[in-house]
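Secondary and tertiary structure notes
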Amino acid sequence: MYSQALNTPTVLADNSPEAVRFQARIDAEERIEPNDPMPESYRRTLVRQISQHAHSEIVGMLPEGNWITRAPTLRRKAALLAKVQDEGGHGLYLYAAAETLGVAREELIDQLLTGRAKYSSIFNYPTLSWADIGAIGWLVDGAAIMNQIPLCRCSYGPYARAMIRICKEESFHQRQGFEIMTVLARGADEQRAMAQDALNRWWWPSLMMFGPPDAQSQHSDASMRWKIKRFTNDSLRQKFVDATVPQGHYLGLTFPDPALRFDESTGHWEFGAIDWDEFKRVLAGDGPCNRERLAARQRAHEEGAWVREAALAYAAKQRSAKRREAA
Ligand SMILES: [Fe+2]
Ligand SMILES: [Fe+2]
């Protein structure tokens with residue numbers, strides 16, 4: 001229904017001379033554009049990654065959207081509303097970027113709505129208090145920036161360009177979250193306790209956002225070779241911990257990790273073991289809010305059917321008016 005004329009890039013067999021030339025272009029830091037020849041595995045990897053990213057943006061609207069009507073002030077409400085709208089926009093740029101690889105948006109959305117597609121496991125956790133909105137901006141958008149800044153240099157042009165704008169907006173999201181945390185951390189005892197509780201609940205899921213440890217990451221090697229990915233999961237996770245721990249200490253909060261300590265010799269913050277069983281459980285559909293999130297997306301899709309129909313009817317009317325003018 002939304003499909004543009006789809007590009008169908010020339011697909012290269014993985015070991016053909018053309019595929020070797022393709023890799024040489026990547027090594028020379030050239031951008032690959034929609035109609036360029038590309039190996040099928042490169043195309044498939046990008047469709048999977050970009051669509052999972054788009055789904056995460058769209059599902060990510062739900063936990064925070066939950067607090068728009070309960071934001072404590074008009075200014076907080078306006079900022080949160082803008083942030084949630086930004087996330088919807090991120091989803092749109094990313095679905096559009098995925099479409100340039102010859103896949104229809106309806107197909108991707110159908111994969112999400114039928115539970116066949118994955119999205120970031122963090123959005124399956126509930127937002128229990130206003131402080132969660134602060135913690136999400138600070139930690140979840142903060143982790144997203146760490147992951148996404150290198151994607152601005154991704155070898156696939158449309159994805160890289162979409163990420164430049166997305167990262168600018170993510171940085172506003174991170175700041176508004178940290179500012180909420182600052183106000184709560186400097187507030188009454190109850191407010192400080194809310195901020196601490198939010199950090200306790202969101203810290204570990206935020207570390208999981210970087211994906212499985214490098215030793216277990218199935219897609220890493222090829223993605224690094226193709227320069228879709230520039231840094232490994234573990235190195236990005238460490239970068240995030242190093243940047244975030246001093247921010248938490250500045251707020252006067254403590255991290256829910258007794259093993260957390262600064263290693264003078266490496267200059268890095270060491271942290272405890274991540275519960276990868278929890279990660280796998282949530283990713284497989286068994287987190288606290290997986291069913292609720294999917295049901296909310298399905299309902300929104302059904303309730304939005306009239307908008308799609310109206311947009312199509314309007315486009316058809318415009319087209320026939322243009323035809324009449326031309327005749
Ligand atoms: Fe986003
Ligand atoms: Fe964001």
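Preceding block: the structure.
Report on the accompanying structure. What you see is a predicted model; the values in this text were computed from it and never measured.

About the cut-offs
- Residues numbered from 1 in each chain as written.
- Chains lettered and ligands numbered in written order.
- Predicted model: local features only at pLDDT ≥ 70, side-chain atom pairs only at ≥ 80, totals over all residues.
- Heavy atoms only, no water.
- Donors = N, O, S within 2.8 Å, 3.2 Å for Na, K, Ca; no water.
- Tetrahedral: all angles 85-135°; square planar, octahedral: opposite > 155°, others 65-115°.
- Buried < 20%, exposed > 50% of the residue type's maximum accessible area, 1.4 Å probe, protein only.
- Helix = DSSP H or I, 4+ residues; strand = E, 2+ residues; numbered from the N terminus.
- Arc of directions from axis to C-beta.
- Contact = heavy atoms within 4.5 Å.
- Lys, Arg positive; Asp, Glu negative; His and termini not counted.
- Salt bridge = Lys/Arg side-chain N within 4 Å of Asp/Glu carboxyl O.
- Axes fitted to C-alpha atoms, helices over the stretch in contact; angles between N-to-C directions.
- Parallel < 35°, antiparallel > 145°, perpendicular 65-115°, else oblique.
- Nonpolar A, V, L, I, M, F, W, Y, C, P; charged D, E, K, R; others polar.

1. Focus: the coordination of the iron ion (ligand 2)
Listed as protein donors to the iron ion (ligand 2) are E87 (OE), D141 (OD), E170 (OE) and H173 (ND1); their distances from the metal cover 1.9 to 2.2 Å. Coordination at the iron ion (ligand 2) comes from four donor atoms whose angles at the metal span 91 to 156°, giving a geometry best classed as irregular. In the primary sequence, the donor residues of the iron ion (ligand 2) line up as E-x53-D-x28-E-x2-H.

2. Structural notes on helix α1 (residues 17-27)
All of the buried residues in α1 are A19, F22, Q23 and I26. Buried residues of α1, seen end-on, are gathered within an arc of 95° and therefore sit on one face of the element. Turned more than 90 degrees away from the buried face of α1, the exposed residues are P17, V20 and R21. Considering only its buried residues, α1 is in contact with β1 (11-12), β2 (38-39), α2 (40-59) and α9 (220-225).

3. A short note on the coordination of the iron ion (ligand 1)
The protein atoms that coordinate the iron ion (ligand 1) are E57 (OE), E87 (OE), H90 (ND1) and E170 (OE), at distances spanning 2.0 to 2.2 Å. Taken together, the four donor atoms coordinating the iron ion (ligand 1) span angles of 87 to 142° at the metal, a pattern that classifies the geometry as irregular. Counting the intervening residues between successive donors of the iron ion (ligand 1) yields the motif E-x29-E-x2-H-x79-E.

4. With respect to the environment of K118
Structurally, K118 is set in the loop between α5 (105-113) and α6 (130-148). Residues K118 and P213, spaced 95 residues apart in sequence, show a C-alpha to C-alpha distance of 18 Å. Each residue touching K118, except ones within four places of it in the same chain, is listed here: Q52, H55 and L283.

5. Description of the side chain of D263
As for its placement among the helices and strands, D263 is situated in strand β3 (residues 261-263). At 4.1 Å, R261 is the nearest oppositely charged side chain to D263, a buried residue that forms no salt bridge.

6. Here's the deal with the environment of S235
Positionally, S235 belongs in helix α10 (residues 233-250). When the C-alpha atoms of S235 and P213 are compared, they prove to be 9.6 Å apart, with 22 residues separating the residues in sequence.

7. Digging into the packing of helix α4 (residues 74-99) against α5
Direction vectors running N to C along α4 and α5 enclose 120°, while the axes themselves pass 9 Å from each other. On the basis of the axis angle, α4 is oblique to α5. Residues L92, Y95, A96, A98 and E99 of α4 pack against R105, L108, I109 and L112 of α5. Here the contact of α4 with α5 is composed, by residue class, of seven nonpolar, no polar and two charged.

8. Observations regarding the pattern of salt bridges
Counted according to the given criterion, the structure contains 21 salt bridges. Across the pair D110 and R116 runs a salt bridge, and its minimum N-O distance is 2.9 Å. Here D110 falls in the partly exposed class, since its relative accessible area comes to 37%. By relative accessible area, which is 56% here, R116 ends up exposed.

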